[in-house]
Amino acid sequence: MLYTVHELTQYIKQRIEDDPSLCNITVRGEISNFTHHTSGHMYFTLKDAHSQLNCVMFRGANMNLKFMPESGLKVVCSGDIAVYEKRGVYQLQVRGMQPDGIGALYQAFEQLKKRLSERGFFDDAHKKSIPVFPETIGVVTSRTGAVLHDILNVIKRRFPAVRIIIAPTRVQGEDAAREIAHAIRQMNRLSITDPVDVLIVGRGGGSIEELWAFNELEVAEAVFESEIPVISAVGHETDVTICDFVADLRAPTPSAAAEIAVPDQEQLEQQIAGLHTRLVYMIRRVIDVRRELVMHLEHGVVHPRDRINQFRQYTDELVRQMHTTVTHRLELHRKDLSMLGATLHALSPLNHLQRGYSIVRSVPDRSVVNTISSVSAGSDVQILVTDGEIGCQVREIKEGWNHE
Amino acid sequence: MSKNEDIAFEDALKQLEDIVRELEESGLTLDDALKKFETGVKLSRLCHKRLDDADMRIEQLIEGDEGVRTERVEIE
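Please read all numbers here as calculations on a predicted model, not as lab measurements.

**A few points about a nonpolar patch on the surface**
All names here are of chain A. On the surface, Met1, Tyr3, Leu8, Tyr11 and Ile12 cluster together into a nonpolar patch covering about 550 Å² of accessible area. Summarising the element assignment, Tyr3 is placed in the segment before helix H1 (5–17). A relative accessible area of 37% means that Tyr3 is categorised as partly exposed.

**Quick notes on the confidence of the model for chain B**
The predicted model of chain B has a mean per-residue pLDDT of 82, with 87% of residues at 70 or higher. Ranking the elements of chain B by mean pLDDT puts helix H2 (residues 30–53) of chain B last with 84 and strand S1 (residues 57–64) of chain B first with 91.

**Quick notes on the interface of chain B and chain A**
Residue-level contacts link 39 residues of chain B with 41 residues of chain A. Surface buried jointly by chain B and chain A totals about 3,600 Å² across both partners, of which 69% is contributed by carbon and sulfur atoms. It is B:Leu51, B:Met56 and B:Leu61 that lose the most area in chain B upon contact with chain A, and together they represent 19% of the buried surface on that side. On the surface where chain B and chain A come into contact, there are 2 salt bridges. Here chain B is connected to chain A by 16 residue pairs in polar contact (both at pLDDT 80 or more).

**Things to note about the packing of aromatic side chains**
Each aromatic ring pair is characterised by the separation of its centres together with the angle its planes make. In the structure shown here, the tally under the stated rule is 5 aromatic pairs over all chains. Relative to A:Phe224, the ring of A:Phe121 has its centre 4.0 Å away and its plane inclined at 10 degrees; by these criteria the two rings are stacked. Taken together, the residues span a long stretch of sequence, with A:Phe121 in the loop between helix H3 (103–118) and strand S6 (136–141) and A:Phe224 in helix H6 (residues 217–225) at a distance of 103 residues. Relative accessible area serves as the criterion here: at 23%, A:Phe224 is assigned to the partly exposed category. Ring plane angle 70 degrees and centroid distance 6.2 Å describe the contact between A:Phe159 and B:Phe9, whose orientation is recorded as edge-to-face. Taken as a pair, A:Phe159 in the loop between helix H4 (146–158) and strand S7 (163–168) and B:Phe9 in helix H1 (residues 9–25) lie in two separate chains rather than in one. Side by side, A:Phe159 and B:Phe9 carry an identical accessibility label, which is buried.

**A closer look at the pairing of strand S4 (residues 74–84) of chain A**
Residue and element names in this part refer to chain A. Here strand S1 (residues 25–36) runs beside S4; their pairing, made up of 6 bridges, is antiparallel. Each residue of the ladder has a partner; that of Ile25, found in S4, is Gly79. Taken together, the 10 bridges between S4 and strand S5 (residues 89–99) define a ladder with antiparallel strand orientation. Looking at S5, one finds that Asp80 is bridged to Gln93. Between S4 and S5, which pair antiparallel in sequence order, lie 4 residues; one of them, Gly88, sits at a positive phi of approximately 60 degrees.

Scoring rules and cut-offs
- Residues numbered from 1 in each chain as written.
- Chains lettered and ligands numbered in written order.
- Predicted model: local features only at pLDDT ≥ 70, side-chain atom pairs only at ≥ 80, totals over all residues.
- Heavy atoms only, no water.
- Patch = residues over 30% accessible without salt bridge, like charges linked within 9 Å, V, L, I, M, F, W, Y side chains within 5 Å.
- Areas by Shrake-Rupley, 256 points an atom, 1.4 Å probe, with all protein chains shown as cover.
- Salt bridge = Lys/Arg side-chain N within 4 Å of Asp/Glu carboxyl O.
- Helix = DSSP H or I, 4+ residues; strand = E, 2+ residues; numbered from the N terminus.
- Buried < 20%, exposed > 50% of the residue type's maximum accessible area, 1.4 Å probe, protein only.
- pLDDT = per-residue confidence, 0-100.
- Contact = heavy atoms within 4.5 Å.
- Buried area = accessible area lost by both parts, 1.4 Å probe.
- Polar contact = N/O pair within 3.5 Å; in protein donor to acceptor, adjacent residues only side chain to side chain.
- Phe/Tyr/Trp six-rings, centres within 6.5 Å; stacked < 30°, edge-to-face > 60°.
- Pairing = 2+ DSSP bridges.

Next up, the structure:
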């Protein structure tokens, strides 16, 4: 088989980097040839009596180091084996580094972490939810020191309407783990008759040795078995303990744990005020809608009795109207009649007869004689006067009037 | 509503939220609406009171012969 150098290197790189037993490893050794490059990356060799190992710790990883590595220093490094193709070398890409001596603690930490993880201690299924409105908060920490004060101050500021139960314990040293585990169990015992809603378990920042109690199996078991939800608040944000993994919630600091444990009173007050406003608004609306409805009903629907009354009134009105109309008409007619009578009277021929005029009618056709041509000499005529007729015979006819 | 005084803050707040929602969704008779309103006002007063008049109470866990109990302590 003929490879190019690159192909072979690629193959080796893949084989090495895919190997799970070369990933996430810790290596103990002494630093030599240490250089801190201007890029920020650190290059060095780890060696022991028999071998040496190229190492690189990139800037992003070494920024969090709490000490400065130097040649000759014994350390425990954690990271992955990787292949640097350009130079065809394998090297440890270091992600974490601790001075040796506490290397043993790290080993213990990693071992316990692995063991508990396998036992399901960190599973989400076991995580209890943290109550939103706790009435009683248990605090397991040192009675002295800033942590308890920080927690109490935060709670006092945010939501003082709670009861705090403190279980003072040592938080470092030989007995600390036992005391912490015991306090968690006692809190649970109390909670049977006197409910505790949430537990804050923690301490302030410190070295890995100082935080060690929170990495012990005893504490992990007590937290895991706790019926009360546990917020773990150990050290600073960068400190991670087994207790953090097992707890139902990990807070970066004790103060943060207190903030998580209680709601914000000011916000709550606003929420309640808002609900109150909506309540008042809604009841006004409910009433307004009803009022409108009633008004509508009043206008739209009339009681039958009212309807009859209205009808009766209407009838009365009609009758009155008719009466007025008829009377008015009669009055008009009466006037017409009397005027007509006057006219008739004025026109009556009898009137003229009274004043001395008379009417001449021919006989026998009784047509009125108003011209000489209607009669001839010797024909009979009648003269009508106020009280009777005068029979006459025409003697002579003359055209034109003789006024003598 | 005489039991009101014993109600947990959380429950009171939740009841208040429910009542406001019910009123907003309407469909209640006037009588019911007024009753809900009355209860709601009581709850909102209760919630405020709970927040206002509570002083933080600090106790310490004490182990005795008959088990665990608590005792008032002053911290400062």
